Structures are given as structure tokens and as C-alpha cells.
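Listed below, chain by chain, are the residues.
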Amino acid sequence: MASVFSHAVAACAIGQAAPDHQRSDWRFWYLAVLCAVFPDIDVAGFAFGVRYDSLWGHRGITHSLLFAGVAGALAAARLRPRWNKDGLTLAAILIVVAASHGVLDAFTNGGLGVAFFSPFDRTRYFFPWTPIEVSPIGVAFFSLRGLEVLKNEIAWIWMPSLAAGFFLRRFSGRSNPASR
């Protein structure tokens with residue numbers, strides 16, 4: 001898996017596509033980061049004997065596109081209870097943020113893959129190219145191995161996220177005073 005820090009960085013980049021009034025609301029950023037990191041709640045299953053390759057195992061249903069859709073829509077409803085154009089835009093952004101978790105994990109070089117289509121298909125997938133070092137889980141992250149992973153993620157996640165966030169903010173037309 002990518003580290004919790006890198007999932008949050010990706011959420012902040014994707015969040016730049018939100019309208020100005022959403023980007024100025026701390027609750028939006030809190031929910032965006034929560035949507036990005038929440039799928040890893042499944043690691044708690046290890047303590048209860050849940051097998052890695054099960055439906056509820058790590059990178060199982062909580063990393064699926066269905067879960068991302070539900071989590072993103074619920075988070076959007078928390079901020080915007082009306083499903084008007086603004087609410088739908090917000091939901092779409094938070095769904096993409098939640099789905100980014102599985103996407104980043106599918107670019108890592110370890111684990112069993114991501115069950116994108118769970119519960120309908122429990123096949124685990126990796127992308128053909130896996131440049132992101134898999135992150136140690138829990139306190140093991142705070143080690144020399146974790147530092148190596150963080151350096152790798154800065155190159156493969158943080159820098160592209162910075163560029164994408166700049167692009168989204170600059171060219172989405174929402175931040176440009178001339179487009180108002």
C-alpha cells in the first residue's frame with residue numbers, strides 16, 4: 001500500500017478541482033483526506049484474524065470502486081445534503097478521491113493486489129507498472145524502510161500530485177478571476 005501521507009497528498013491534489021467555496025471550507029479538506037485514507041481501515045482485520053485474501057481482508061472490498069462510490073457520496077451528502085449541480089460536483093470529486101486509494105495501491109510493488117470490482121468480482125489487480133514501493137504497515141513505517149518508501153513516494157506520488165493540483169486549480173476555470 002502507499003503510505004497514509006501519500007494518500008492524503010493525492011486527496012489534496014484532486015481536491016483542487018472543487019469550487020472555490022468548497023476549497024475554503026476546512027470540512028471539505030477533512031472529508032477529502034478521510035475518503036482517501038479510510039479504505040485502509042481494513043488493516044484492523046489482521047488483529048481479528050481476517051485473512052488478507054478474503055472479501056474483508058486488506059485491499060478487499062474497502063478498496064473497491066463500489067466502496068469509493070458509497071464513501072464519496074456519503075461524504076458529499078455530509079457537506080451538501082441537496083443533490084443539485086454543486087452537490088453532484090462535490091460527490092464526483094470525493095468519489096474520485098476515495099477511488100484514488102485503490103489506484104495508488106495498484107501501482108505498488110507488493111501485496112496481493114486490489115479488488116477493484118469487489119464484491120461482484122474478488123479478483124485482485126495490479127497495474128502492469130508498479131514503481132511505488134509498498135509501505136510498511138503501522139509503526140513499522142517509522143523506520144529506515146519507511147524513510148526509503150517516503151522518498152520513493154515523493155518522486156512517484158507527491159511531485160505528480162503537486163503538478164496535477166496546480167493544473168486543476170489553474171485550469172479548472174474556478175480560480176481564474178477572468179472566468180467569473
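Draft legend 1. Geometry of the layout of surface pockets. Volume-wise, the largest pocket comes out at about 250 Å³. Tallying contributions element by element places helix α6 (residues 144–171) first for the lining of the largest pocket, with six residues. Looking at side-chain class alone, the lining of the largest pocket contains 14 nonpolar, two polar and no charged residues. Roughly 200 Å³ of volume is contained in the second largest pocket. Along the walls of the second largest pocket sit 13 residues, with M1, V4, D40, P136 and G138 positioned nearest its centre. Its residues assigned to classes, the lining of the second largest pocket shows nine nonpolar, three polar and one charged.

Draft legend 2. Molecular detail of the confidence of the model for the chain. Model confidence for the chain is summarised by a mean pLDDT of 92, while 96% of its residues fall at 70 or above. Residue range residues 175–180 is modelled with pLDDT below 50. Its contacts to residues more than four positions away, or to other chains, number nine contacts.

Draft legend 3. View of the packing of helix α4 (residues 65–79) against helix α5 (residues 85–106). Two numbers describe how α4 lies on α5: the axes approach to 7 Å, and their chain directions differ by 140°. In terms of their interaxial angle, α4 and α5 are classed as oblique. Judged by the twist between their axes, the crossing of α4 over α5 is right-handed. Listed contacts from α5 to L65, A68, G69, G72, A73, A75, A76 and L79 of α4 are G87, L90, A91, L94, I95, A98 and A99.

Draft legend 4. Seen up close, the pattern of salt bridges. The full count for this structure, using the stated rule, is six salt bridges. Note that D53 and R51 form a salt bridge whose closest N and O atoms lie 2.6 Å from each other. A relative accessible area of 40% means that D53 is categorised as partly exposed. Taking the shortest distance from any N to any O, the salt bridge between E133 and R145 comes out at 3.6 Å. With a gap of twelve residues between them, E133 in the loop between α5 and α6 and R145 in helix α6 connect regions that are remote in the sequence. Residue classification places R145 among the partly exposed residues on the basis of a relative accessible area of 37%.

Draft legend 5. Structural view of helix α3 (residues 26–37). With twelve residues, α3 should cover 16 Å at 1.5 Å per step; its first-to-last C-alpha distance of 17 Å lies within 8% of that length. Among the residues of α3, those classed as buried are F28, L31, A32, C35, A36 and V37. On its buried face, α3 sits against α1 (4–14), α2 (20–23), α4 and α5.

Draft legend 6. Just the nonpolar core, in detail. Judged by nonpolar contacts, the single largest core of 20 residues is most densely connected at F28, C35, L90, I93, L94 and V97. Per element, the largest residue contribution to this core is seven residues, and it comes from α5. Here I93 is in contact with I14, G15, A17, A18, P19 and F28, once residues within four sequence places are set aside. Membership of the second largest hydrophobic core comes to five residues, among which are A2, L104, I132 and I157.

Cut-offs applied
Residues numbered from 1 in each chain as written. Predicted model: local features only at pLDDT ≥ 70, side-chain atom pairs only at ≥ 80, totals over all residues. Heavy atoms only, no water. 1 Å grid on protein atoms, 1.4 Å probe; cavity = no way out; pocket = protein on both sides within 12 Å on 5 of 7 lines; lining within 4 Å. Points joined across faces, edges and corners; volume = space filled by probe spheres on them. Helix = DSSP H or I, 4+ residues; strand = E, 2+ residues; numbered from the N terminus. Nonpolar A, V, L, I, M, F, W, Y, C, P; charged D, E, K, R; others polar. pLDDT = per-residue confidence, 0-100. Contact = heavy atoms within 4.5 Å. Axes fitted to C-alpha atoms, helices over the stretch in contact; angles between N-to-C directions. Parallel < 35°, antiparallel > 145°, perpendicular 65-115°, else oblique. Left-handed = near helix turned anticlockwise from the far one by under 90°. Salt bridge = Lys/Arg side-chain N within 4 Å of Asp/Glu carboxyl O. Buried < 20%, exposed > 50% of the residue type's maximum accessible area, 1.4 Å probe, protein only. Expected span 1.5 Å × (residues − 1). Core = buried A, V, L, I, M, F, W, Y, C linked by side-chain atoms within 4.5 Å.

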